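Breakdown of the fold
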Amino acid sequence: MTQTNYRPRRSCLYMPASNSRALEKAKSLAADTIIFDLEDAVAPDAKDDAREQACAALQSGAYGNRELVVRINATDTPWFAQDLKKACRSGADAVLVPKILSAEDIVTISDLMDEYDAARNSKLWAMIEMPLAILNLPQIAALGTQKRLTGFVMGFNDLAKEMHADHDRANFASVMTQTVIAARAYGIEVIDSVYNDFNDPDGLEAECLEARRLGFDGKSLIHPVQIETANRIFAPQAEALAEAEAIIAAFRDPVNAGKGVIVVDGKMTELLHLKQARQLVATAAAIEALAK
Ligand code: COA
Ligand code: MG
């Protein structure tokens, strides 16, 4: 079956909610998802103003069909309750919660979202950035089928700090694979971490390519200059699309009617490849629709 409710999340741009120029600029940026950050990018003294600014921006209706997410402060901070309450009533598509540790965190936050009257379709996204979250990944991900949880966002700045590790992607390779598998087991979207050196497009492109190969849906970004790369790399590639269209056409050919396995361009091609091909074409169509 082809997934029909697919929404592109190739580029998920963080924006400090305290930065009114960034808030303004984001209205015209081609990011699939905008993340209004109330956490790491906002100084303690600016938290209350940032929350107000984010909510006003979210309610303005000025961000078109971009997906809008609020990253609130962690559950053990003095800002959490107010952040969550306001985020739930802001009309955001999702609330992103940092420093998630366990399945219990997800249950608590998801239930609080109900209590705070979040719209039925408001989602919960979890930062995967704490060692305990990684140990608890299967239990956390399993809630994707029951609670509001629909997204994972990797946070390697915090994870490196918590692991006492260098900020070297090689240190996170197994975590990336584990997270993608846990996410896919329960239908959760999965977004790669940020690339801090925003003046290095080649480095960003290499990380996007790696993440795409591993199965990530997109990359979180910190600067507008990074959007084009992520949008390009996480979109279906021309060659893959041509191959998908050839597979769809081959299965449609009456000579292949009723067959489960055929040969397309010299390669064994099964019904599962047809499903994948349809998915890819649907993804390309969703991206095209977003641009309209
Ligand atoms: N979202 C939207 N607009 C942004 C932006 C962002 N993340 N980062 C920069 N811009 C805007 C600036 O406001 C500026 O707009 P202007 O042309 O209207 O003046 C323009 O893009 C160019 O910005 P630039 O001068 O190159 O960047 P900077 O030096 O002001 O800021 C950072 C650099 C890294 C501080 C800034 O990009 C940033 O805050 N990024 C997000 C950080 C974040 O959210 N971190 C948390 C998650 S890890
Ligand atoms: Mg962080």
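A brief look at the structure comes next. The numbers attached to residues start from 1 for each chain and follow its sequence in the written order. The lettering of chains begins at A and the numbering of ligands begins at 1, in the order of writing. Note on the predicted model: pLDDT of at least 70 is required for a residue's local features to be given, and 80 or more for side-chain atom pairs to be given and counted; whole-chain, interface and lining totals, by contrast, use all residues. Hydrogens and waters are ignored; side-chain quantities use all the structure's heavy atoms.

1. Brief notes about the pattern of salt bridges
- One side-chain nitrogen of Lys or Arg within 4 Å of one carboxyl oxygen of Asp or Glu is enough to make a salt bridge. Under the criterion given, the structure shown has 26 salt bridges.
- With its nearest N and O atoms 3.4 Å apart, the salt bridge here joins Glu-39 to Arg-71. Of this pair, Glu-39 sits in the loop between β2 (33-37) and α2 (47-59) while Arg-71 sits in strand β3 (residues 67-71), placing them 32 residues apart in sequence.
- The cut-offs for exposure are 20% and 50% of the maximum accessible area for each residue type, with area from a 1.4 Å probe on protein chains only; residues under the lower value are buried, those over the upper are exposed, and the others partly exposed. Relative accessible area serves as the criterion here: at 5%, Glu-39 is assigned to the buried category.
- Arg-71 gets classed as buried once you look at its relative accessible area, which sits at 5%.
- The network of salt bridges with common partners includes Asp-37, Glu-39, Asp-40, Arg-71, Lys-99, Glu-129 and Asp-158. A run of DSSP states H or I qualifies as a helix once it reaches four residues; a run of E qualifies as a strand once it reaches two. Both are numbered from the N-terminal end.

2. Description of the sheet that holds strand β1 (residues 11-16)
- Two strands make a pair as long as DSSP finds a minimum of two bridges between them. Pairing in this closed barrel of eight strands is parallel, and the strands run β1-β2-β3-β4-β5-β6-β7-β8 around the ring. Taking each pair of neighbouring strands and ignoring which way they run, the sheet shows an average axis angle of 25°. Inter-axis angles, ranging from 0 to 180 degrees, are taken between N-to-C directions of lines fitted to C-alpha atoms, where helices are fitted over the stretch in contact.

3. Focus: the coordination of the magnesium ion (ligand 2)
- Only nitrogen, oxygen and sulfur atoms within 2.8 Å of the metal, or 3.2 Å for Na, K and Ca, are treated as donors, and water is left out, so sites may look incomplete. Every protein donor of the magnesium ion (ligand 2) is listed here as Asp-40 (OD) and Asp-158 (OD), and their distances to the metal cover 1.8 to 1.9 Å. A residue pair is termed long-range when its members are at least 10 positions apart, and Asp-40 in the loop between β2 and α2 and Asp-158 in helix α7 (residues 156-163) qualify at 118 residues.

4. Thoughts on the site of ligand 1
- Contacts to ligand 1 come from 15 residues, most closely from Tyr-14, Arg-21, Lys-25, Ile-222 and His-223.
- Polar contacts here mean pairs of N or O atoms no more than 3.5 Å apart (in protein, one a potential hydrogen donor and the other a potential acceptor; neighbouring residues in sequence count only if both atoms are side-chain atoms). With respect to ligand 1, the backbone of Ile-222 contributes an N or O atom lying 2.7 Å from a nitrogen atom.
- Taking His-223, its side chain carries an N or O atom lying 2.7 Å from an oxygen atom of ligand 1.
- Computed by Shrake-Rupley with a 1.4 Å probe, the accessible areas treat only the displayed protein chains as cover when residues are assessed. Considering ligand 1 on its own, with 900 Å² of exposed area, one finds that the protein chains cover 64% of that surface.
- Broken down by element, the residue count for the shell around ligand 1 peaks at four residues, all from β1.
- Polarity classes work like this: nonpolar for Ala, Val, Leu, Ile, Met, Phe, Trp, Tyr, Cys and Pro, charged for Asp, Glu, Lys and Arg, and polar for all others, with Gly in that last group. In terms of residue class, the shell around ligand 1 is built from 10 nonpolar, one polar and four charged. Residue proximity to a molecule or strand is established when one non-hydrogen atom of the residue lies within 4 Å of it.

5. Thoughts on the packing of aromatic side chains
- Two rings from Phe, Tyr or Trp (for Trp, the six-membered ring) form a pair when their centres sit within 6.5 Å of each other. Planes less than 30 degrees apart are called stacked, planes more than 60 degrees apart edge-to-face, and all others tilted. Under the counting rule described, the total for this entry stands at two aromatic pairs.
- Note on Phe-36 and Tyr-63: the rings are 5.4 Å apart at their centroids and 80° apart in plane angle, and the pair reads as edge-to-face. Note that Phe-36 is positioned in strand β2 and Tyr-63 in the loop between α2 and β3, a separation of 27 residues in sequence. No difference in accessibility class separates Phe-36 from Tyr-63, as the two residues are buried.

6. Describing the environment of Leu-112
- By the secondary structure assignment, Leu-112 is in helix α4 (residues 103-115).
- When its relative accessible area of 18% is taken as the criterion, Leu-112 is described as buried.
- Taking C-alpha positions, Leu-112 is 48 Å from Gly-260, a pair spaced 148 residues apart along the chain.
- In what follows, residue pairs with any heavy atoms lying within 4.5 Å of each other are defined as contacts. In this structure, Leu-112 is in contact with Phe-80 and Leu-84, ignoring residues within four places of it in sequence.

7. Observations regarding the packing of helix α9 (residues 201-214) against helix α10 (residues 227-234)
- Remark: α9 packs on α10, axes separated minimally by 10 Å, with the N-to-C direction vectors making an angle of 30°. In terms of their interaxial angle, α9 and α10 are classed as roughly parallel. With respect to the hand of their crossing, α9 and α10 are arranged in right-handed fashion. Here Leu-204, Glu-205, Cys-208, Leu-209, Ala-211 and Arg-212 of α9 lie close against α10, whose contacting residues are Thr-229, Ala-230, Arg-232, Ile-233 and Phe-234.
- Looking at the contact of α9 with α10 residue by residue, the classes come out as seven nonpolar, one polar and three charged. Angles below 35 degrees are treated as roughly parallel, those above 145 as roughly antiparallel, those between 65 and 115 as roughly perpendicular, and all remaining angles as oblique. Crossing handedness is read from the near helix: turned anticlockwise from the far helix by less than a right angle, it gives a left-handed crossing, and turned clockwise, a right-handed one.

8. Description of the pairing of strand β10 (residues 267-270)
- Two elements, strand β9 (residues 261-264) and β10, share four bridges in a ladder whose sense is antiparallel. Of the residues in β10, the one forming a bridge with Val-263 is Met-268.
- Connecting β9 to the next strand, β10, in antiparallel fashion are two residues, including Asp-265 with a positive phi near 55°.

9. Let's talk about the nonpolar core
- Counting residues in each nonpolar core, the largest one holds 69 residues, and the members touching the most others are Phe-36, Ile-72, Leu-84 and Phe-152.
- For Phe-152, the contacting residues outside a window of four places in its chain are Ala-126, Ile-128, Leu-137, Ile-140, Ala-141, Thr-179, Ala-183, Ile-188, Glu-189, Val-190 and Ile-191.
- As used in this record, nonpolar core signifies buried Ala, Val, Leu, Ile, Met, Phe, Trp, Tyr and Cys residues forming a set joined through side-chain atoms within 4.5 Å. Residues Ile-35, Val-69, Ala-94 and Ile-191 belong to the second largest nonpolar core, which totals 11 residues.

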